Amino acid sequence: MKLVFFDAHEDDAKQLATALPDVEAVTVSETVQDQITQAADAEIISVFVTSEITADMLPKMPQLKLIVARSAGVDHIDMEACAKRGIVVTNVPHYGERTVAEHAFALILALSRKIFQSYERTEKMNFDREGLMGFDLSGKTLGVIGTGNIGRNVITIGLGFGMKVLAFDVSPDKELAKERDFTYAETLEELLAASDVVTLHVPYLESTHHLINKERLEQIKPGALLVNTARGGLIDTEALLWALQEKKLAGAGLDVLEEEHDTYDRIEFLSQDTHQTNDLMTMLRNHVLVARTDVIITPHNAFNSKEAVQRIFDTSVANISSYVAGSPQNVVEAK
Ligand code: NAI
């Protein structure tokens, strides 16, 4: 069986040869969209979120039977098109719930204690504290949207900081709320109006596209912080810029951006001649966000700890082995 392992790191080839001795594994450091010809005869491909798999790419991989996503979210893969072709998609549901939760708090603390502005100053040997006053997290309300694997770890950390936690989820876990001593808001609007820090931990689906839009930002507690380590498409970037400009929000911490791939790879994006005006506008707005001092952006790096990356690799290898053995695990169904 041939496996093409896209978005590969330096030592992946060595690790794969040891972990999957019976599989012919080829590692490719680029994305599948950039190097699709490498997978022309592959039965298995493995991809990170930087690889996007669209319906029109599938005929170029006629032997493909299994896509091993090295991520929890699979919104970079056209799941419906895969289901139609009978291609199995697996993910890594548990690898970094604490890892991503810690990153969300890194963003929260960086904003609440103005770490970035402080660093910029001291780097220039300027030790003036003027304008660097932050605020305590202790006693403030943390609004957690989505109380799945990551959200519940964010709740634990928030409670550890002495924060009051208000949560919202379409399937609330009332037992967890009792056990950990936090409250579920009846509506998203109730959470937004009451929280000093709002953090997003829901998947990106059609139903969650622009979950945070202008209407909802109008209802947010004035001066709140908004943190997004889930997916860029959950927030309407135009509305976010408006809320920051109007000082409805005191700041935003973003590990993910709408259309982040285009923003990361501007040269590639600008070399295509079929742009949607919306995509161009989002890319432009992302540039404005980057330039703002009340916004901290990290490059989809929340998952990227040594321990989490090893867990992703180990589970992906186990997903391949179990598929080859005829009993696939961590299969994601199209929604
Ligand atoms: P999960 O599936 O364990 O939890 C998601 C929760 O969101 C569930 O409890 C679900 O009921 C809830 N939910 C779904 N739709 C909702 C809605 N409209 N309103 C309120 N709640 C809703 O997912 P997990 O593992 O906690 O991950 C969350 C997201 O974080 C992933 O989908 C992924 O996109 C993102 N992620 C980002 C990473 C990064 O490096 N930045 C790394 C890993 C995940």
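Residues numbered from 1 in each chain as written. Predicted model: local features only at pLDDT ≥ 70, side-chain atom pairs only at ≥ 80, totals over all residues. Heavy atoms only, no water.

Peer 1: Which residues make up the packing of aromatic side chains, and what values do they have?
Peer 2: Within this structure, the stated rule accounts for four aromatic pairs. Centroid distance Phe48 to Phe303: 4.8 Å. Interplanar angle 50°. Geometry classified as tilted. With Phe48 in the loop between strand 3 (44-47) and strand 4 (66-69) and Phe303 in the loop between strand 12 (295-297) and helix 13 (306-324), this residue pair connects regions lying 255 residues apart in the sequence. Comparing Phe48 with Phe303, the two get one shared label, buried. Over the ring of Phe5 we find Arg70; its NZ or CZ atom is 3.9 Å from the centre of that ring. Above the face of the Trp242 ring, Lys214 is positioned so that its terminal group lies 4.7 Å from the ring centre. (Phe/Tyr/Trp six-rings, centres within 6.5 Å; stacked < 30°, edge-to-face > 60°. Helix = DSSP H or I, 4+ residues; strand = E, 2+ residues; numbered from the N terminus. Buried < 20%, exposed > 50% of the residue type's maximum accessible area, 1.4 Å probe, protein only. Lys NZ or Arg CZ within 6 Å of the ring centre and 35° of its normal.)

Peer 1: A description of the packing of helix 1 (residues 12-19) against helix 13 should follow, citing residues and the corresponding values.
Peer 2: Geometrically, a packed helix pair is captured by the angle between its two axes and the distance between the axes. For the pair helix 1 and helix 13, the least separation of the axes is 11 Å and the interaxial angle reads 40°. Compared by their axis directions, helix 1 and helix 13 come out oblique. Seen from above, helix 1 lies across helix 13 with right-handed handedness. When helix 1 is examined against helix 13, the residues Asp12, Gln15, Leu16 and Ala19 are found in contact with a partner set consisting of Gln310, Phe313 and Val317. (Axes fitted to C-alpha atoms, helices over the stretch in contact; angles between N-to-C directions. Parallel < 35°, antiparallel > 145°, perpendicular 65-115°, else oblique. Left-handed = near helix turned anticlockwise from the far one by under 90°. Contact = heavy atoms within 4.5 Å.)

Peer 1: Describe the nonpolar core, with residues and values.
Peer 2: Core analysis: the biggest nonpolar cluster contains 30 residues, and Ile145, Leu240 and Leu249 have the highest contact counts within it. Among the secondary structure elements, those contributing two or more residues to this core are strand 7 (164-168), helix 7 (188-194), strand 9 (197-200), strand 10 (224-228), helix 9 (237-245) and strand 11 (249-254). In terms of residue count, helix 9 provides more of this core than any other element does, five residues in total. Apart from residues lying up to four places away in sequence, Leu249 is in contact with Leu217, Ile220, Ala224, Leu225, Leu226, Leu240, Ala243 and Leu244. Listed in part, the 24 residues of the second largest apolar core include Ile108, Leu137, Met163 and Val197. (Core = buried A, V, L, I, M, F, W, Y, C linked by side-chain atoms within 4.5 Å.)

Peer 1: Now, about the pairing of strand 11: what can you tell me, with residues and values included?
Peer 2: Of all the six residues making up strand 11, five are buried; the element is thus mostly covered by neighbouring parts of the structure. Summarising the sheet, strand 10 and strand 11 pair through five bridges and their orientation is parallel. Across the sheet, residue Leu226 finds its bridge partner in strand 11, namely Ala252. At this point the chain moves from strand 10, through helix 9, to the parallel strand 11, and the crossover so formed is right-handed. (Pairing = 2+ DSSP bridges. Right-handed = clockwise from strand over helix to strand, strands pointing away.)

Peer 1: Which residues make up the sheet that holds strand 3, and what values do they have?
Peer 2: Taken together, the five strands give an open sheet; going across it, the order is 2-1-3-4-5, and neighbouring strands pair in parallel fashion. In this open sheet, the two edge strands, each paired with only one partner strand, are strand 2 (24-27) and strand 5 (88-90). Strand-to-strand twist across the sheet, computed as the mean angle between neighbouring axes with direction ignored, equals 15°. Across three bridges, the pairing between strand 4 and strand 5 is parallel. The partner of Val68 across the bridge, within strand 5, is Thr90. Relative to strand 2, helix 1 is tilted by about 170°, and along the sheet it contacts strand 1 (2-5) and strand 2.

Peer 1: So what's going on with the sheet that holds strand 7? Which residues, and what values?
Peer 2: Pairing in this open sheet of seven strands is parallel, and the strands run 8-7-6-9-10-11-12 from one edge to the other. Each edge of the sheet is formed by a strand with only one pairing partner; in this case those strands are strand 8 (183-184) and strand 12. On top of the sheet, helix 5 (residues 149-160) reaches strand 6 (141-145), strand 7 and strand 9; it is set at about 175° to strand 6, its chief contact.

Peer 1: Any details on the domain arrangement of the protein chain? Residues and values, ideally.
Peer 2: The assigned domain composition of the protein chain is domain 1 (2-91 + 307-324) and domain 2 (97-255 + 257-297). One C-alpha centre belongs to domain 1, the other to domain 2, and the line joining them spans 30 Å. Domain 1 puts seven residues into the contact, and the matching count from domain 2 is four residues. For the interface between domain 1 and domain 2, the tally reads one salt bridge. Two residues, Arg231 and Asp75, come together in a salt bridge whose shortest N-O distance is 3.0 Å. The class makeup of the residues in the side of domain 1 that touches domain 2 is two nonpolar, two polar and three charged. (Domains from an automatic or database assignment. Salt bridge = Lys/Arg side-chain N within 4 Å of Asp/Glu carboxyl O. Nonpolar A, V, L, I, M, F, W, Y, C, P; charged D, E, K, R; others polar.)

Peer 1: Lay out the site of the ligand with the relevant residues and their values.
Peer 2: Taken together, 21 residues are adjacent to the ligand, and Asn149, Ile150, Asp169, Thr229 and Asp255 come closest. Arg231 is positioned with one of its side-chain polar atoms (N or O) 3.2 Å from an oxygen atom of the ligand. In the environment of the ligand, an oxygen atom lies 3.1 Å from a nitrogen or oxygen atom belonging to the backbone of Phe303. Calculation on the ligand without its partners gives an accessible area of 870 Å², and the protein chains cover 84% of this total. (Near = heavy atom within 4 Å. Polar contact = N/O pair within 3.5 Å; in protein donor to acceptor, adjacent residues only side chain to side chain. Areas by Shrake-Rupley, 256 points an atom, 1.4 Å probe, with all protein chains shown as cover.)

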